[in-house]
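Spelled out, the chains give:
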Amino acid sequence: MDANRTARANKLLTRWTLNFLLFLAMAIICLPGLWIVLNSFRPTVEIMAKPAIWIPREMNFDAYIAMFSGIGQGGIPVIDYFRNSVIISVTSTVIALAIGMAGGYAFARYRFPYKSSWFLGLMLTRTVPGIALSLPLFFVYAKLGIIDSHFGMILVYVAMNVPFTIWLIDGFFRQVPKDLAEAAQIDGCTRWQAFWQVEFPLARPGIASAGIFAFLTSWNEFALASQLTRSTASKTLPVGLLDYTAEFTIDWRGMCALAVVMIIPALLLTYAVQKHLVSGLTSGAIKG
């Protein structure tokens, strides 16, 4: 009996210790986000105070009111930037998913010459940092006349997201048994129907995971967007943060308010598909 009690006590202690460590890790991870949210509500004097003021003494919505009421009056066109970010991110994600599904399925199901070499080449493109491509892309886009356009940004984000999307979706289609699609075809389904009705639903968690990563990459990217956009017609929210900087001053409260506006859609989308995201990441941890 004493041995059983000791074992249960040790197990309980281990569980509480792990929970505490996880809580501590999450608190450390979430602290910068919480600090940004608090800074968006308090005056600049408190933000720049030394030593830091952890508990705000005064909180208001002035930064958000100024951010949205200044449109058309020499202020920062947040709505235009938000619209550009949505158009560019959603469109590039949809296109990257369509190409990624086709490519991932082809690599998982078919054999063709130099298959491994093609796959390795796609993966090697992920080793090139985006900032290293900014200058070559600028010259190419200048020649093509697509600088400062939605099309140019969508094109570059699709190119960035396709290799990772193919790699991730390929792993999930490899886990779907081929026998299921073959059985569906024997029962009268066409190859296309077998894909949409049998294989696609089973790989949906992985596709959702790939979509989230592709969207967040496009939504948060700054380096390339800052080089390839010039006007409010194509600037995205990360580039819009620069509008809060002047020659000698920085509106930290305004920047934090816009950062909060940027974070909310990403959080909402992640929350909406969290079930598929968690199952996709766990089931896709082992590649077949």
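Residues numbered from 1 in each chain as written. Predicted model: local features only at pLDDT ≥ 70, side-chain atom pairs only at ≥ 80, totals over all residues. Heavy atoms only, no water.

**Overview of the nonpolar core**
Argument step 1. Counting residues in hydrophobic clusters, the biggest one holds 19 residues, and the most contacted among them are Y141, M153, V156 and Y157.
Argument step 2. With seven residues, helix 7 (residues 150-175) is the single largest residue contributor to this core.
Argument step 3. For Y141, the residues in contact, after removing those within four places along its chain, are I146, I147, G152, L155, V156 and L228.
Argument step 4. Listed in part, the 18 residues of the second largest apolar core include Y81, L241, Y244 and L258. (Core = buried A, V, L, I, M, F, W, Y, C linked by side-chain atoms within 4.5 Å. Buried < 20%, exposed > 50% of the residue type's maximum accessible area, 1.4 Å probe, protein only. Helix = DSSP H or I, 4+ residues; strand = E, 2+ residues; numbered from the N terminus. Contact = heavy atoms within 4.5 Å.)

**A closer look at the pattern of salt bridges**
Argument step 1. For the coordinates displayed, the defined rule picks out four salt bridges.
Argument step 2. When the shortest N-O distance is used, the salt bridge between R109 and E199 registers 2.9 Å. Here R109 is found in helix 4 (residues 78-109), whereas its partner E199 is found in helix 9 (residues 191-220), with 90 residues between them in sequence. Residues R109 and E199 agree in their burial class; the two are buried.
Argument step 3. A salt bridge links D170 to R174; its shortest N-O distance comes to 3.0 Å. A residue pair is termed a helical-turn pair when its members lie 3 or 4 positions apart in one helix, as D170 and R174 do in helix 7 at four residues.
Argument step 4. Accessibility expressed as a relative area gives 35% for R174, which makes it partly exposed. (Salt bridge = Lys/Arg side-chain N within 4 Å of Asp/Glu carboxyl O.)

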